[in-house]
Amino acid sequence: MTAVDDFDRRAGTALDGLRAAGQYKELRAISGPMGPVASIGGREVIVLCSNDYLGLANHPDVVAAGIEGLRSHGAGTASVRFICGTLDVHERLERAVAGLVGTPAALSFVSCWTANEALFPTVTAPGDTVISDALNHASIIDAVRQTRGVERKIYPHNDLAELEAALTSADPGGVRWVVTDGVFSMEGDLAPLPEILDLCRAHEAIVVVDDSHGIGVLGAAGRGAPEHFGLLGQIDVITGTLGKALGGAAGGFVGASERLVELLVQRARPSLFSNALPATVACSATRAIEILLAEPERVARLHDNTARLRQGLRKLGFSCPDGASAIIPIILGDAHKVEAASRRLYELGVLVVGFSFPVVPEGQARLRVQASAALEDAHLDAALEAFGQL
Ligand SMILES: Cc1ncc(COP(=O)(O)O)c(C=O)c1O
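Residues numbered from 1 in each chain as written. Predicted model: local features only at pLDDT ≥ 70, side-chain atom pairs only at ≥ 80, totals over all residues. Heavy atoms only, no water.

### Here's the deal with the overall build of the chain
Step number 1: Check the secondary structure of the chain and you find 15 helices and 13 strands.
Step number 2: For a compact globule of 390 residues, the expected C-alpha radius of gyration is about 21 Å, and the chain comes in at 21 Å, within 12% of that figure.
Step number 3: Taking the principal axes of the C-alpha coordinates as reference, the chain spans close to 60 × 60 × 50 Å.
Step number 4: Counting over 390 residues, the chain shows a buried share of 51%.
Step number 5: Considering only residue pairs separated by 6 or more positions, the chain has 70% of its internal contacts joining residues 24 or more positions apart. (Helix = DSSP H or I, 4+ residues; strand = E, 2+ residues; numbered from the N terminus. Rg over C-alpha atoms; globule rule 2.2 N^0.38 Å. Buried < 20%, exposed > 50% of the residue type's maximum accessible area, 1.4 Å probe, protein only. Contact = heavy atoms within 4.5 Å.)

Shown next, in the form of structure tokens:
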């Protein structure tokens, strides 16, 4: 038997196992733009699972800005940032991002995954401690795993007493870093940032917040979890994505002090060894930020739509936790049950994807409903009607 046969058999067994466990993910191709409604296989479905929180993914001005960026700067940089891949539109985007999230400076990356991977191995040094919430996003988990000589501690989700214990027992010789999602992507709940910040100040730790699901969603102006808690300008490091509320294309960033950003430019491996964000994405994301700041009514509409969905689902008997984010999890437990519910909703014209292991812990499979400002009343009514039939 050849190595290829060997691998083929192993991969086949793994894939069969996923199918049997109800954990196999089917890809459905959408033929057209992302919006409140998407076209799949010639059928229109209401989308309740995209991260297009503000309806900017297909906003005419965002699309036009991307096209204009493509025309003015070409398809790509053909270079990493430090060689000849830094464009004026990157710098414009980075100023806009820093202004939005309330940090002195920002650096863009091709994704938030990359931004997190750039951050932790670069800013930490042997002897440091990184303290991370157990439910942090996979990109944070993987990024922290890439640090060297650093003590890694994980505290139970949002458990402040355990966080304090981890801070107290951390090596006082190194820098202490506390990292948390602003909004937890599978639970939809928020990190208690005021308390976390107090603990970090008391223990002289640096706080890092990944606000990918908070930016464009939380706070009256949509500036994220720090705005929601009245802490704008007080979080040391903020990472986030451009691939959700801010146009939904791709891209991410680290917002931080000038010094930290300077170090990332010099030492972060994704920045040194991988191409910069394409101009078209930099331009469309910058335009998305401008629209967000000019039209706070989009954020208000998102908040209203989220509340309507949550109330409607509860009225139908689904148990949905409270929360300020636009993520409403419906935990059903069993992966097969979730898969069947998602399939039935799809037949009824509503796209809500099920999440099972390894995206969420085993036995906690769920439907994740996400609201968008783009959803009109008729979409919400039709979606709730489908849930009613379910
Ligand atoms: C909290 C968090 N961080 C990072 C990411 C990754 O973002 P990107 O798609 O830009 O890599 C996500 C996306 O799911 C996320 O939810």
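### Describing the packing of aromatic side chains
Step number 1: Summed over all chains, the structure comprises one aromatic pair.
Step number 2: Note that arginine 28 overlies the ring of tyrosine 346, its terminal NZ or CZ placed 4.0 Å from the centroid. (Phe/Tyr/Trp six-rings, centres within 6.5 Å; stacked < 30°, edge-to-face > 60°. Lys NZ or Arg CZ within 6 Å of the ring centre and 35° of its normal.)

### Remarks on the pairing of strand 7 (residues 205-210)
Step number 1: Taken across its six residues, strand 7 has five buried, putting it largely inside the fold.
Step number 2: Strand direction decides the pairing type here: strand 6 (residues 176-181) and strand 7, joined by six bridges, are parallel. Bridge pairing in strand 7 links valine 178 to valine 207.
Step number 3: Each parallel crossover has a hand, and the one from strand 6 via helix 8 (residues 193-202) to strand 7 is right-handed. (Pairing = 2+ DSSP bridges. Right-handed = clockwise from strand over helix to strand, strands pointing away.)

### What to know about the domain arrangement of the chain
Step number 1: Under the domain assignment used here, the chain contains domain 1 (26-48 + 295-389) and domain 2 (60-294).
Step number 2: Each of domain 1 and domain 2 was reduced to a C-alpha centroid, and the two centroids are 26 Å apart.
Step number 3: Roughly 1400 Å² of surface becomes buried between domain 1 and domain 2 when both sides are summed, with 61% attributable to carbon and sulfur atoms.
Step number 4: The largest share of the area that domain 1 buries against domain 2 comes from Glu295, Val299 and Ile327, three residues that together contribute 31% of it.
Step number 5: Our count for the contact surface shared by domain 1 and domain 2 stands at one salt bridge.
Step number 6: At the surface where domain 1 touches domain 2, the tally comes to seven residue pairs in polar contact (both at pLDDT 80 or more). (Domains from an automatic or database assignment. Buried area = accessible area lost by both parts, 1.4 Å probe. Salt bridge = Lys/Arg side-chain N within 4 Å of Asp/Glu carboxyl O. Polar contact = N/O pair within 3.5 Å; in protein donor to acceptor, adjacent residues only side chain to side chain.)

### With respect to the pattern of salt bridges
Step number 1: Within this structure, the stated rule accounts for 16 salt bridges.
Step number 2: Linking lysine 153 and glutamate 151 is a salt bridge whose minimum nitrogen-to-oxygen distance equals 3.7 Å.
Step number 3: For glutamate 151, a relative accessible area of 38% translates into the label partly exposed.
Step number 4: Among the salt bridges present, the one from arginine 201 reaches aspartate 236, with a minimum N-O distance of 3.3 Å.

### Considering the sheet that holds strand 12 (residues 354-355)
Step number 1: Strand order in the open sheet formed by three strands is 10-13-12, and the pairing between neighbours is antiparallel. The open sheet has two edge strands with one neighbour each: strand 10 (327-333) and strand 12.
Step number 2: Inspection of the sheet shows strand 10 paired to strand 13 (residues 365-370) by six bridges, in the antiparallel sense. Paired with isoleucine 327 across the strands is glutamine 370, a residue of strand 13.

### A few points about the nonpolar core
Step number 1: Core analysis: the biggest nonpolar cluster contains 80 residues, and Leu48, Val178, Leu313, Val369 and Phe387 have the highest contact counts within it.
Step number 2: No other element matches the nine residues that helix 12 (residues 279-294) contributes to this core.
Step number 3: Each of domain 1 (26-48 + 295-389) and domain 2 (60-294) contributes no fewer than three residues to this core.
Step number 4: Ignoring any residue separated from it by four or fewer positions in sequence, one finds leucine 48 in contact with Leu309, Val350, Leu351, Val352, Arg368, Val369, Gln370, Leu375, Ala383 and Phe387.
Step number 5: In this structure, Phe109, Ala118, Phe120 and Val261 belong to the second largest nonpolar core, which totals 23 residues. (Core = buried A, V, L, I, M, F, W, Y, C linked by side-chain atoms within 4.5 Å.)

### As for the side chain of serine 212
Step number 1: Looking at the secondary structure, you find serine 212 in the loop between strand 7 and helix 9 (225-228).
Step number 2: Within the structure, the side chain of serine 212 is placed 2.8 Å from the side chain of aspartate 210, a separation counted as a polar contact.
Step number 3: Side-chain polar atoms of serine 212 contact the backbone nitrogen of threonine 241, separated by 3.4 Å.
Step number 4: The residues contacting serine 212, other than those within four sequence positions of it, are Cys112, Thr239, Gly240, Thr241 and Lys244.

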